[in-house]
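# Observations on the three-dimensional arrangement
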Protein chains: 2
Amino acid sequence: MSSLSTGPGPTTPPPALPEGALRVVALGGIGEVGRNMTVFEFGGRLLIVDCGVLFPEDDQPGVDLILPDFRAIEDRLEDIDGLVLTHGHEDHIGAVPFLLRLVPDLKIYGSRFTNALLAAKAKEHRQRPNLIEVREGERRKVGEFDLEFFAVNHSIPDALAVAIRTPAGVVLHTGDIKLDQLPLDGRLTDLAGFSRLGDEGVDLFCVDSTNAEVPGFVMPERDIGPVLDDVVRKVGQRVIVACFASHVHRVQQVLDAAVRHGRRVAFVGRSMVRNMGIAADLGLLNVPDGLLVNLDQAGDLPESKVLFVSTGSQGEPLSALSRMARGEHRQISIRAGDTVVLASSMIPGNETAVFGVVNGLTRLGANVVHQGNAKVHVSGHASAGELLYLYNAVRPSNVMPVHGEWKHLRANGELAVRTGVAPENVVIAEDGVVVDLVDGKATRTGRVEVGHVYVDGLSVGDVGESTLSDRLVLGEGGFIAITVAVDTSTGRAVTRPTVSGRGFSDDPKALDAVLPMVEMELARTEAEGITDTHRIAQAVRRVVGRWVADTYRRRPMIVPTVIPV
Amino acid sequence: MSSLSTGPGPTTPPPALPEGALRVVALGGIGEVGRNMTVFEFGGRLLIVDCGVLFPEDDQPGVDLILPDFRAIEDRLEDIDGLVLTHGHEDHIGAVPFLLRLVPDLKIYGSRFTNALLAAKAKEHRQRPNLIEVREGERRKVGEFDLEFFAVNHSIPDALAVAIRTPAGVVLHTGDIKLDQLPLDGRLTDLAGFSRLGDEGVDLFCVDSTNAEVPGFVMPERDIGPVLDDVVRKVGQRVIVACFASHVHRVQQVLDAAVRHGRRVAFVGRSMVRNMGIAADLGLLNVPDGLLVNLDQAGDLPESKVLFVSTGSQGEPLSALSRMARGEHRQISIRAGDTVVLASSMIPGNETAVFGVVNGLTRLGANVVHQGNAKVHVSGHASAGELLYLYNAVRPSNVMPVHGEWKHLRANGELAVRTGVAPENVVIAEDGVVVDLVDGKATRTGRVEVGHVYVDGLSVGDVGESTLSDRLVLGEGGFIAITVAVDTSTGRAVTRPTVSGRGFSDDPKALDAVLPMVEMELARTEAEGITDTHRIAQAVRRVVGRWVADTYRRRPMIVPTVIPV
């Protein structure tokens, strides 16, 4: 079992950073999967790696996105030398438009595909970010920081790892990484480069933890090709393949299978159409002339001559695939004998939604192929076996697992220890925990406050924990509203109270007992000479709350309104 | 791919049942996992198999339990000859107390352990059901139905399958089943008995579909023993094992490991304490004298001398384990080096909650052992390989997959076909679909209405789809309430409107624009001579709703109250 330093770590603010030392703090992405954002500080200057979003859980209802918490840097925006983006996934670039609201001229460094995806996103926000293209093998000074970029393999093209050299030491940040030894585009993770850096000496290694608990190695992406081919070959009717809209190599293999079996292809879903357009423009996706059709044209083709590539692989309720599963899609109605392939993982938390889609499609007669019954997905993140290769190539002095929940960080740290990293040099740091690299030793020295920043509709940050807690109460039990106008000189009710409930009961008589009860209570408060509307409201809340708990054993929100007249 | 009849099936009521025919209809449990209840009808009489509950999903907020829909039988309660319980899990017995409210003297047939669990449950409802004990090998006439019971192996002791003989043919219902060939209690699934029944001829075979998609065979329960032993042996501090409170054999293996390594055991969680007491009383659980201690005694023992067996393996937020993970348990605070074993599956839908518990425990320093990193769980349901054995033993004429979502039913039906059952004799029937066995052929002949019956607190059925839909709106966006008193003779507001929001925003100024907007609208309605309170409320709802959509792009519930004075 582990000999790592465990437990959540320091709770107090960090000391001043010693001269010549490097500070690292994640404002998101550690202790959770999503909203990756790591801030490096040296010589009074800041470098940020990634700025992504997190998708909400059940206990964050109504929230669209969760952002990293910028508070720790919002007084130091002038000190930012740049933002490095490791790749174009939402959990790495999705919050950039919100950071740009604070720093419109932020220098952003990313690969060609990453920058193209960010540019498309920024356009929707009516922003024109300052994008600087970098590529693997390149070394570039960004303010105080001397950067070097390395090719890495992931479930999106053109991903990069970044080495950050400062006088305090050398940091290597993997971004999201795996070590596919037969990548579809021939672009290997640069293990040789990592070894070279290891020879130079890596003082702090920030490593993707997502699959640290999974033993062994991720199967090559290209091994999915024959499986997809086999599915498409056998099907006489329509084939619909759902996968992530940024997984260019997966889509390439679907297109290849379509070509081989004489099917035309229609992209379904806004982000799929947009991203595949970008990938084709950049030469990352090979689309033979005449292969693509639009949805209307697809409807005119024989069922055996068409294949749809769709979004919705996570069961998103508004996606095309979910609408098909409910029989509500305008152009594609599922029939017995259609085949749907979910060429995707199931992100934790999405299981119920995905299973709902699978069941809906099955009920309508479709054959559903998914990772549970065929090898139609491989992960984009290194398993334990690959992580060992990384540690042995880099031979770091200190390790800081990133990109994962606690269980992933811990498992990753234990792998580091097995390759010879001293346990006391493995720092497990959740969001906000400050790690200082001083004289070659990384230590957790303090904590800055990192909360959840919610985006709901057009507004950022006004929905907080108090609103969410009200939503949870309302969502569980609805509310009972009681309204009465009271003469504040006498405390006497000048109207009969109105009582109404929403989300409480379908029974129209469910609240019949409330009105007389409230009237009796108002008579009591009047008799006691209570004229303060707040106190009257409290009294009403108390009697109605007690009644509903006793009668129904439920806890709706009780909302008394006493109007003073 | 499949040649089964697919699609959701008939939508119209069934025809009258021909004389000499048998009718089968599930009022729950098919097309979903939970609330199993199947009604068999012959000669005007009814036999029910199982009566369980379903646990709610995210889109059913505030609901405690979902019951089978009794409407199809509520006019025919006099016709019920009996209720057979196949085993004591909640999804098979949990709704019995609610059926007993309609038929207090219902004759209930179950095995010793099943009846003991039901008696304990009924006691909490202040009911004393009419329980009749049956056992494997027994044949018994229940009204029109000639029953025979068979031992089956599952994740709870004393489970039964039931054969139902009527002049219309022989039905075999597996209940929940697997074919552990080395069961801990030596009680094998009676495959020999099924073969004998197959020789006689089985006309309709109702088969557990839960794991029909899973290839191969379930590992024997007893193979978990050495894994648990190994964990307990290596740990120097406390060990906490969480599993289902009815999984007597799993708990037995934990107790055995504790005994071997000199640890005392404390049961944690009300249902764990209760069920293990029952199991020990019935001789199903072997508890050496002096092994058990209570929680207070456990706290006084050295950490290496104690083991806790706890509920909470599904991440239930109020369970002991969840409280430990949040650091809120009164008696057990997790420390670095403690080991927690989740000796359990993850029921679909519970993933987020379970991962939350794992992360919380890991963050506090515990080592967490779970089915993802050790063989500490096996399923209670037959995998595809075992189902093939069943089909080949029984050789049924017709097959009706039960206990599963559509994907499971379909996969199970395809297994039947592969063993030689004619595809047209495999009936995929979701809840409410009526299956008639006429002249040896099973056909879907119609549909009765089966909805979700919700239990929320003390009340059954008053929470319906309209209440849930309001709860979903309130849970996503909260509400904005506007209240004003209006003189209905003139249409003039006699108070200033009050505006309040809950679950909308943490920003106290978020609704500042609403009051002037409502006052302007009230001036307009007054000027137009509108005096009807309902129309005034509609006008207010419209302007506020439009404003909030434009300004915030959100959809809170708008609740105008116009009090007539």
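Cut-offs used in this document
Residues numbered from 1 in each chain as written. Chains lettered and ligands numbered in written order. Predicted model: local features only at pLDDT ≥ 70, side-chain atom pairs only at ≥ 80, totals over all residues. Heavy atoms only, no water. UniProt positions renumbered as here; feature names shortened; annotations may be inferred. Helix = DSSP H or I, 4+ residues; strand = E, 2+ residues; numbered from the N terminus. Buried < 20%, exposed > 50% of the residue type's maximum accessible area, 1.4 Å probe, protein only. Contact = heavy atoms within 4.5 Å. Pairing = 2+ DSSP bridges. Axes fitted to C-alpha atoms, helices over the stretch in contact; angles between N-to-C directions. Least-squares fit on C-alpha atoms with pLDDT ≥ 70 in both.

- The name an unreviewed UniProt entry assigns to chain A is Ribonuclease J, from the organism Amycolatopsis lurida NRRL 2430.
- Looking at chain A in UniProt, the text filed under Subunit (unreviewed entry) is "Homodimer, may be a subunit of the RNA degradosome."

### Thoughts on the UniProt feature "active site" (unreviewed entry) in chain A
All names here are of chain A.
- Taking the numbering used here, the UniProt-annotated feature "active site" (unreviewed entry) corresponds to D208 and H381. Their sequence span is 174 residues, while the largest C-alpha to C-alpha distance among them is just 7.5 Å; these annotated residues converge on one region.
- Within the fold, D208 resides in strand 12 (residues 204-208).
- On the basis of relative accessibility, which here comes to 1%, the residue D208 falls in the buried class.
- Not counting chain neighbours up to four residues away, the residues in contact with D208 comprise T174, G175, D176, I177, H381, L387, V402, H403 and N412.

### Quick look at the sheet that holds strand 14 (residues 264-268) of chain B
All names here are of chain B.
- Spatial ordering of the open sheet is given by 14-15-13-16-17, a layout of 5 strands whose pairing is parallel. Every other strand in the sheet has two partners, leaving strand 14 and strand 17 (367-369) as the edge strands with one partner each. On average, each strand axis in the sheet is tilted by 20° relative to the strand beside it, whichever way the strands run.
- Bridge count between strand 16 (residues 339-342) and strand 17: 3 bridges; the pairing is parallel. What sits directly across from T339, in strand 17, is N367.

### Notes on the relation of the copies chain B and chain A
- Superposing chain B onto chain A takes a rotation of 180° combined with a translation of 0.0 Å along the rotation axis, leaving an RMSD of 0.1 Å. Here the transformation between the copies is reduced to the relation of a two-fold axis. Closest approach to the rotation axis among the C-alpha atoms of chain B is made by G475(B), whose C-alpha sits 1.9 Å away.
- With an isologous cut-off of 70% or more, the 99% of interface residues of chain B that recur at the interface of chain A puts this contact in the isologous class.

### Regarding the sheet that holds strand 2 (residues 37-42) of chain A
Residue and element names in this part refer to chain A.
- With mixed pairing, 8 strands are arranged side by side in an open sheet as 7-6-5-3-2-1-19-20. Among the strands making up the open sheet, the edge pair consists of strand 7 (130-133) and strand 20 (441-447). Between one strand and the next, the sheet's axes are offset by a mean angle of 25°, whatever the strand orientation.
- Sheet analysis places strand 3 (residues 45-49) next to strand 5 (residues 80-84), joined by 4 bridges and oriented parallel. The residue bridging L47 from the neighbouring strand is G82, located in strand 5.
- Packing against the sheet, helix 3 (residues 112-124) makes contact with strand 6 (107-110) and strand 7, and its axis sits at approximately 165° to strand 7.

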